[in-house]
Amino acid sequence: MQNPLLAPSANPYQWPAFDELTAEHYLEAAKLGAAEQRTELQRIIEEQSAPDFANTFLALEASGQVLRRSMMTYFSVLSAHGTEPIRAIQTEMSSIFSAQEDEIYLNQALYSRLQAADCSGLVGEDARLAEQTLKAFRLAGADLDEAQKQQLKQLNAQLSELSSQFSNRVLENQNAHAVHFDSADELDGLSSQALESAAQAAKQAGHAAGYLLPLVSPTQQPVLESLTSGEARRKVFAASISRGITENPTLQLAADMAKLRAERAALLGFANHAEMVLAQATAPSTAAVEQRLAELTKAATANARKEAEVLGSIAGHEVQAWDWKFYSNQVLREQYAVDSESLRNYFELDRVLVDGVFATATKLYGITFAERFDLPAYHEHVRVFEVFDADGSPLALYTGDYLARDTKKGGAWMTSLRDAASYFNERPIVTNTLNISAPAPGDPVLLTLDEANTLFHEFGHALHGMFSNGKYASLSGTSVPRDFVEFPSQVNEMWVLDQQVLPGYAVHHQSGEQLDDETIARIRAAGLWGQGFATTEYLAASVLDWAWHTISADTVIDDPVAFEQQVLADAGFDAEMIPPRYRTGYFQHIFANGYSAGYYSYIWSEVLDADTVQWFEENGGLMRENGNRFREELLSRGNTRDPLESYELFRGRTARVEPLLRRRGLVNAE
């Protein structure tokens, strides 16, 4: 059978033939695609006509389509359904991609031809493509001499291999650290559905009896809100926080990667890896990021200490890190009459998705959705929807893969299988992947309020990809600076508790009753509770990321645990009370997923987000004209122009930080 990746798929929107694809197909297509692109690059170099935009920049943009198709498809599947055969080829696939990047960006003849092309008359997206392409070459080392380029290639290859190892070990550790309990009495506080799900997980993992609580990516585990036994909470927390330290260690991999990144940055003329990352970001300098993190840390930790006093008074003793979620949930129940566990009954997945997420998008942007059952998926839980624009024309395919499984990495994310790129006559296929605990057979999928928020968040990324309206794939959709990419997704979270949205989807899955207005009001009133904890654990992870990636090339870190502890203490964090959202040993964002020196971007983007939410509120909220403006000036633009220029054209001014400070409870509301 011919490899389905060697030519564009005949399926609608070029949907991949997942029912035919094997690991061998991905690897073969990557190898053949890389060779084909090298031939295309040589053709550009040997072109007899004088270099111009069409025969250099556009020819480069159009090259490597087989490789691009295979890599986009493979890495989407690897993260969502990394079976043993798929994971077995990860290192080789990553090496092919890394080597091809070097083949392009360290090719002196190609770079010289791009530099020689006269682009002075270009405007709009053409000018942006030329500018961004040359910038990418410079940052990738195109100006280095040959000896330096060889050194850079070695560093890139090492980093690619270590990143693959880190990713694989984190998934293995997450599965291996699932916590087994013999008795249901130990799990008092969990719902009957959660208990049944845990019993099912234990059987699937090969246990003769008992209950298994799988872990999710962050340090704090959702079950800690409900378990009444302090010892059970401690056991789950200890399993979570110890990942990667002893058995199947990841810490040294992380330290090695940080050092190699520092060496690469030095080779490219930067003081450290963070400075190199900011060369393609909206943040103006490392000092600006450090100042923002320090300012927020001081206020957030002060709030967290006040919250700890409240929790201690309820518990009757000083709370430990594994107690925080449990007693915080008690505050919500007792002071705000909000019970996180009972709220699940009102957040059934399909209602949240269709009557919440989709309905909001229809009201804001006029788009509609129709589920398709004719397209083969990589797993039976994957759902595919065709998205139609307000005029009824086909817009995109949206894929939802919501349930956790042991072949899926932790967390939640959006990826693209195809981009919006008119130059390729290509329409977007975007995916949202979450890790909601699978229910027992026959039970509904019930979400926490946080999981409902995550669904809205990830769909904000999907909108960014689906609404992209540009010519070139490299400037399309979410291909924006890292500290801007979270902005549209964070804005979409504003609709979760919106008074026009929530009543439509918050419906009891058994009685059919809507969540009552009084409870909704209490949920909103409780919004500031816990912000000290949430902001602190996030900032601790951001500071940890920043510390790993501001080391110099000659720094030697012999003890990664001690390094982590010292960094957090120096920054003013009490990691015993509130550990970082991710510790080094399972911090996939920065050691496997492209967020190195970029985890700060969530709070950086949230400045824009909070300011945008204020704009929506000032202009009538959930209205088509507001959605259309946001789509036109921001969501559709991708990186076709400077994202901050897009923001200022949308908002009419630069962003202000005050809305964020009020939202996070870091200043008193005016």
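Scroll up for the structure.
Because the structure is a prediction, the values reported are computed rather than measured.

Draft legend 1. Just the pairing of strand β7 (residues 429-436), in detail. Taking burial as the measure, the eight residues of β7 include eight buried ones, the bulk of the element. Of the two faces of β7, the one holding I429, T431, T433 and N435 and the one holding V430, N432, L434 and I436 are both buried throughout. In the sheet, strand β5 (residues 394-403) pairs with β7 via six bridges, with the strands oriented parallel. By the bridge assignment, G400 is partnered in β7 with N432. Looking at chain direction, strand β6 (residues 413-418) and β7 are connected through five bridges and run antiparallel. If you follow R418 over to β7, its bridge partner there is I429.

Draft legend 2. Structural view of the nonpolar core. In terms of nonpolar packing, the biggest core is built from 154 residues, with Y365, I367, Y398, F459, M466 and F630 touching the most fellow members. Tallying contributions element by element places helix α21 (residues 531-548) first for this core, with ten residues. Apart from the residues lying within four places of it in its own chain, the contact partners of I367 are A361, T362, V387, F388, D389, L395, L463, F467 and R631. Judged by nonpolar contacts, the second largest core, of 30 residues, contains A30, I89, V384 and L417.

Draft legend 3. The arrangement of the packing of helix α2 (residues 53-62) against helix α7 (residues 124-139) in detail. Viewed as axis vectors pointing N to C, α2 and α7 meet at an angle of 70°, and their least axial separation amounts to 11 Å. If you check the angle between α2 and α7, you find them roughly perpendicular. The element α2 and its partner α7 pack so that their crossing is left-handed. The residues of α7 that touch α2, namely those facing F53, F57, L58, L60 and E61, are D126, L129, A130, T133, L134 and F137. Its residues assigned to classes, the contact of α2 with α7 comprises eight nonpolar, one polar and two charged.

Draft legend 4. Highlighting the packing of aromatic side chains. Summed over the entire model, instances satisfying the criterion amount to 43 aromatic pairs. Geometrically, the ring pair formed by F347 and Y505 is tilted, given 6.0 Å between the ring centres and 40° between the ring planes. Here F347 is found in the loop between α15 (340-343) and α16 (349-365), whereas its partner Y505 is found in helix α19 (residues 502-505), with 158 residues between them in sequence. Across this residue pair, the class does not change: F347 and Y505 are buried. For the pair W546 and Y600, a centre-to-centre distance of 5.6 Å together with 80° between the ring planes defines the contact as edge-to-face. Taken together, the positions of W546 in helix α21 and Y600 in the loop between α23 (588-591) and α24 (601-618) put the pair 54 residues apart, joining distant regions of the chain. W546 gets classed as buried once you look at its relative accessible area, which sits at 4%.

Draft legend 5. The arrangement of a negative patch on the surface in detail. Together, D182, D185, E186 and D188 line one region of the surface with negative charge. Following the sequence through the fold, E186 ends up in the loop between β1 (179-181) and α9 (192-204). On the basis of relative accessibility, which here comes to 30%, the residue E186 falls in the partly exposed class.

Draft legend 6. Local environment of the pattern of salt bridges. Taken as a whole and assessed by the stated rule, the structure comprises 31 salt bridges. In this structure, E341 and R344 form a salt bridge, with 3.4 Å as the shortest nitrogen-oxygen distance. In the salt-bridge network here, residues are joined through shared partners; they are R68, R418, D419 and E426.

Draft legend 7. Representation of the sheet that holds β6 in the model. Pairing is mixed across the open sheet formed by five strands, whose spatial order is β3-β4-β5-β7-β6. One side of each edge strand has no neighbouring strand; the edge strands of this open sheet are β3 (368-372) and β6. Going from strand to strand, the sheet's axes swing by 25° on average, the running direction of each strand aside. In the sheet, β3 pairs with strand β4 (residues 383-388) via five bridges, with the strands oriented antiparallel. Across the sheet, residue E371 finds its bridge partner in β4, namely F385. Strands in contact with helix α3 (residues 65-80) are β5, β6 and β7; relative to β6, the strand with the most contacts, it is inclined by about 150°.

Cut-off values and rules
- Residues numbered from 1 in each chain as written.
- Predicted model: local features only at pLDDT ≥ 70, side-chain atom pairs only at ≥ 80, totals over all residues.
- Heavy atoms only, no water.
- Buried < 20%, exposed > 50% of the residue type's maximum accessible area, 1.4 Å probe, protein only.
- Helix = DSSP H or I, 4+ residues; strand = E, 2+ residues; numbered from the N terminus.
- Pairing = 2+ DSSP bridges.
- Core = buried A, V, L, I, M, F, W, Y, C linked by side-chain atoms within 4.5 Å.
- Contact = heavy atoms within 4.5 Å.
- Axes fitted to C-alpha atoms, helices over the stretch in contact; angles between N-to-C directions.
- Parallel < 35°, antiparallel > 145°, perpendicular 65-115°, else oblique.
- Left-handed = near helix turned anticlockwise from the far one by under 90°.
- Nonpolar A, V, L, I, M, F, W, Y, C, P; charged D, E, K, R; others polar.
- Phe/Tyr/Trp six-rings, centres within 6.5 Å; stacked < 30°, edge-to-face > 60°.
- Patch = residues over 30% accessible without salt bridge, like charges linked within 9 Å, V, L, I, M, F, W, Y side chains within 5 Å.
- Areas by Shrake-Rupley, 256 points an atom, 1.4 Å probe, with all protein chains shown as cover.
- Salt bridge = Lys/Arg side-chain N within 4 Å of Asp/Glu carboxyl O.
- Lys, Arg positive; Asp, Glu negative; His and termini not counted.
- Charge placed at Lys NZ, Arg CZ, Asp CG, Glu CD.

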